[in-house]
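Working through the structure, step by step
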Amino acid sequence: MEFRLSDYLKKLPPYLFVQIDQAKRQAIQEGRDLIDLGIGDPDQPTPEHIIKALSRAANDPANHHYALDAGMPKLRLEIARWYKKIFQVNLDDKNEILPLIGSKEGIAHLPFAFLNQGDVSLVPDPGYPVYANATLLAGGEPYFMPLRAENAFLPDLKEIPEAVLKKTKMMFLNYPNNPSAAVADKQFFQRVIDFALKYQIIVCSDLAYSQVCFDGYRAPSILEIDGAKEVAVEFHSLSKTYNMTGWRVGWVCGNQQVIAGLAKIKSNMDSGIFQAIQIAGIAALQTESEFTKQMCLMYAQRRDVLVAGLKNLGWNVEKPKASFYVWTKISEEINSLEFASIILKKADIVVTPGVGFGKYGEGYLRFALTKPEDKLKEAVKRLSLL
Ligand SMILES: *Cc1c(COP(=O)(O)O)cnc(C)c1O
């Protein structure tokens, strides 16, 4: 018996990290002292009060049933309150907010609601792979917008051909950016909104790192732009904000029609988020801002250690203003996959090759600041011996 995968699955790009994953598994098996700066998953635990809220809610039988598809009204209200506090933007908790099983879930389902065969979505390259892959699974075509260093890793909207724009239904953006750690200002978001209004494109802004900012920088929401709700939605997540990657809770907010479309897809795919998790999500959103301040200070100190260390070794690297990644340029004589393999083999350090995020990521490595300072110092020491 042979079961053939669907044509949609076959269209997904090949998985590039086979080699690295294998070398990593082998290193672990051999008991080598690996420093894993590969994955974007916070090393710190979820705050105690959130865990307690989950525990209490999990013990209450009232929470053991199917949840409402649209999420608990209390959670939506809390999201609206948080949004107002952070961005000074008003959201209608009934129609402009939809809780998600993590933001990845919503990002991955959205193309199914708005793309027909051959419709285009504009996707940043380098970028979070879900944007392009979900587009392909939904029968659409990703059009890659290069993010280049000389453009501060912002897409050049004028570069996109009119013929492509005629078929374009949606566009993904992500600032603070994974993997490049670049940020966008409100002038850029204004240009995006004007562009999207002109070409009638849904803007999907992924703001997973809104709360990981350094040195007084504040990441704006695209919904702060007048008229943004005409065309834009924004994806948020508790994962990076409150160290809750495994919990699976986030939300999308903004344009009502877009949210209703996604809700319709989701009502046929899942049956809501476990209520105890939603209640824990409410507790998370009520976390004292001091927590966020301390978390950012911790990542900033790690960033300083790693960036200073790499600079000392002569690496070409800049201090990021936000996100917990350091995006470093490498020599043109070696490709990122080979370089990451050498670093793993010779220094027992896992880093992510830029090409894993798209062809414009070639020439870079991504270091995640998800290990303590002493590990980062040790990593720099090992790199100095390469
Ligand atoms: C981590 C990450 C997400 C996923 O967040 P979840 O809410 O855990 O699904 C989305 N977008 C980007 C760019 C990320 O780095």
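A look at the overall build of the protein
When helices and strands are tallied, the protein shows 13 helices and 13 strands. Considering the protein as a whole, with its 386 residues, one finds that 55% of them fall into the buried category. Taking contacts inside the protein between residues at least 6 apart in sequence as the whole, the part at least 24 apart equals 75%. Put simply, the protein shows about 17,900 Å² of open surface, and 53% of that area lies on carbon and sulfur atoms. Of the charged side chains in the protein, 45 are positive and 44 negative; the average position of the first set lies 1 Å away from that of the second.

Notes on the site of the ligand
Within the structure, the ligand sits among 14 residues, and Asp206, Tyr209, Ser237, Ser239 and Lys240 are positioned closest to it. Between the ligand and lysine 104, the relevant distance is 2.9 Å, taken from an oxygen atom to a main-chain nitrogen or oxygen of the residue. For the ligand, an oxygen atom lies 2.6 Å from a polar atom in the side chain of serine 237. The residue inventory of the shell around the ligand, partitioned by class, reads four nonpolar, six polar and four charged.

Looking at the sheet that holds strand β12 (residues 352–353)
Strand order in the open sheet formed by four strands is β9-β10-β13-β12, with antiparallel pairing between adjacent strands. In this open sheet, the two edge strands, each paired with only one partner strand, are β9 (316–317) and β12. Where β12 and strand β13 (residues 364–368) come together, two bridges link them in antiparallel fashion. Bridging across to β13, proline 353 finds its partner in leucine 365.

Examining the nonpolar core
Formed by 59 residues in total, the largest nonpolar core has its most connected members in Tyr83, Leu122, Met171, Phe195, Leu223 and Trp251. Among the secondary structure elements, those contributing two or more residues to this core are α4 (73–87), β3 (120–125), α7 (162–167), β5 (168–173), α8 (186–199), β8 (250–254) and α10 (275–285). Two domains each donate at least three residues to this core, and these are domain 1 (10–39 + 290–384) and domain 2 (48–285). Each residue touching phenylalanine 195, except ones within four places of it in the same chain, is listed here: Leu122, Leu157, Ile160, Leu165, Met171 and Ile201. With 41 residues, the next largest nonpolar core counts Leu34, Val305, Phe324 and Leu383 among its residues.

Topic: the domain arrangement of the protein
Where interface size is given, it is often the accessible area lost as the parts come together that is meant. Along its sequence, the protein is carved into domain 1 (10–39 + 290–384) and domain 2 (48–285). Measuring from the centre of the C-alpha atoms in domain 1 to the corresponding centre in domain 2 gives 26 Å. Domain 1 puts 25 residues into the contact, and the matching count from domain 2 is 30 residues. Between arginine 303 and aspartate 215 there is a salt bridge, with its nearest N and O atoms 3.0 Å apart. The tally of links from domain 1 across to domain 2 stands at eight residue pairs in polar contact (both at pLDDT 80 or more). Breaking the side of domain 1 that touches domain 2 down by element, the ones donating at least two residues are α11 (289–312), β10 (325–329) and β13. For the side of domain 1 that touches domain 2, the leading source of residues is α11, giving seven residues.

Each value, and the rule that gives it
Residues numbered from 1 in each chain as written. Predicted model: local features only at pLDDT ≥ 70, side-chain atom pairs only at ≥ 80, totals over all residues. Heavy atoms only, no water. Helix = DSSP H or I, 4+ residues; strand = E, 2+ residues; numbered from the N terminus. Buried < 20%, exposed > 50% of the residue type's maximum accessible area, 1.4 Å probe, protein only. Contact = heavy atoms within 4.5 Å. Areas by Shrake-Rupley, 256 points an atom, 1.4 Å probe, with all protein chains shown as cover. Lys, Arg positive; Asp, Glu negative; His and termini not counted. Charge placed at Lys NZ, Arg CZ, Asp CG, Glu CD. Near = heavy atom within 4 Å. Polar contact = N/O pair within 3.5 Å; in protein donor to acceptor, adjacent residues only side chain to side chain. Nonpolar A, V, L, I, M, F, W, Y, C, P; charged D, E, K, R; others polar. Pairing = 2+ DSSP bridges. Core = buried A, V, L, I, M, F, W, Y, C linked by side-chain atoms within 4.5 Å. Domains from an automatic or database assignment. Salt bridge = Lys/Arg side-chain N within 4 Å of Asp/Glu carboxyl O.

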